[in-house]
Amino acid sequence: MKFIIVFVALFAFALAAPAEVEIVKSESDVGPESFSYNWETSDGAKAEASGQLRNVGSENESIAVKGSYSFVGDDGQTYTVTYVADDNGFQPSGAHLPVA
């Protein structure tokens, strides 16, 4: 009986273990005043972004970033967030996110 309990517990653990995820795409370009990247994994997750340095050399130097990321939720649906991050903060948007 103990063997069956241990076997069932190990079987359940094996089913609950996450699948191995591989990077299927990865590109980046990083410069002194800008960057861009994109990547994708075998489980459907992906992200891309680009940023540009603003007011270079001034006291108000900052970076502005635009991008998006997506993933497949536990319900099988793909969720995507697009965003801007700049002097006004992080501003995400997506069909599944609440709107103020």
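For the structure, check the block above.
Note that the coordinates shown come from a computational prediction; the quantities given were computed from them, not determined experimentally. (Residues numbered from 1 in each chain as written. Predicted model: local features only at pLDDT ≥ 70, side-chain atom pairs only at ≥ 80, totals over all residues. Heavy atoms only, no water.)

**Q** Run through the overall build of the protein, naming residues and quoting values.
**A** Each helix and strand in the protein was counted, giving one helix and six strands. Along the chain direction, N to C, the helices and strands of the protein fall in the order α-β-β-β-β-β-β. Considering only residue pairs separated by 6 or more positions, the protein has 11% of its internal contacts joining residues 24 or more positions apart. Surface accessibility of the protein: about 7900 Å² in total, with carbon and sulfur atoms responsible for 58%. (Helix = DSSP H or I, 4+ residues; strand = E, 2+ residues; numbered from the N terminus. Contact = heavy atoms within 4.5 Å. Areas by Shrake-Rupley, 256 points an atom, 1.4 Å probe, with all protein chains shown as cover.)

**Q** Before we move on, could you go through the environment of Pro 92 and cite the residues and values that matter?
**A** Looking at where Pro 92 falls in the secondary structure, it is placed in strand E6 (residues 89-93). With sequence-adjacent residues up to four places away left out, Pro 92 is seen in contact with Val 81, Thr 82, Tyr 83 and Leu 97.

**Q** Lay out the packing of aromatic side chains with the relevant residues and their values.
**A** The geometry of an aromatic ring pair is captured by two quantities: the separation of the ring centres and the angle between the planes. Tallied over the full model, the rule gives four aromatic pairs. A ring pair is formed by Phe 35 and Tyr 37, whose centres lie 6.2 Å apart and whose planes are at 10 degrees; its orientation type is stacked. Given the relative accessible area of 22%, Phe 35 is considered partly exposed. Centroid distance Tyr 83 to Phe 90: 5.4 Å. Interplanar angle 40 degrees. Geometry classified as tilted. (Phe/Tyr/Trp six-rings, centres within 6.5 Å; stacked < 30°, edge-to-face > 60°. Buried < 20%, exposed > 50% of the residue type's maximum accessible area, 1.4 Å probe, protein only.)

**Q** Please set out unusual backbone geometry residue by residue, giving values where relevant.
**A** Phi at Asn 55 takes a positive value of approximately 55 degrees, unusual for a residue other than glycine. Tracing the backbone through its elements, the reader meets Asn 55 in the loop between strand E3 (46-54) and strand E4 (62-72).

**Q** Explain the environment of Arg 54 residue by residue, including any values.
**A** Along the chain, Arg 54 falls in strand E3. Measuring from C-alpha to C-alpha, the distance between Arg 54 and Ser 34 comes to 9.5 Å, with 20 residues separating the pair along the chain. Look past the residues within four positions of Arg 54 in its chain and what remains in contact with it is Asn 60, Glu 61, Ser 62, Ala 64, Asp 86 and Asp 87.

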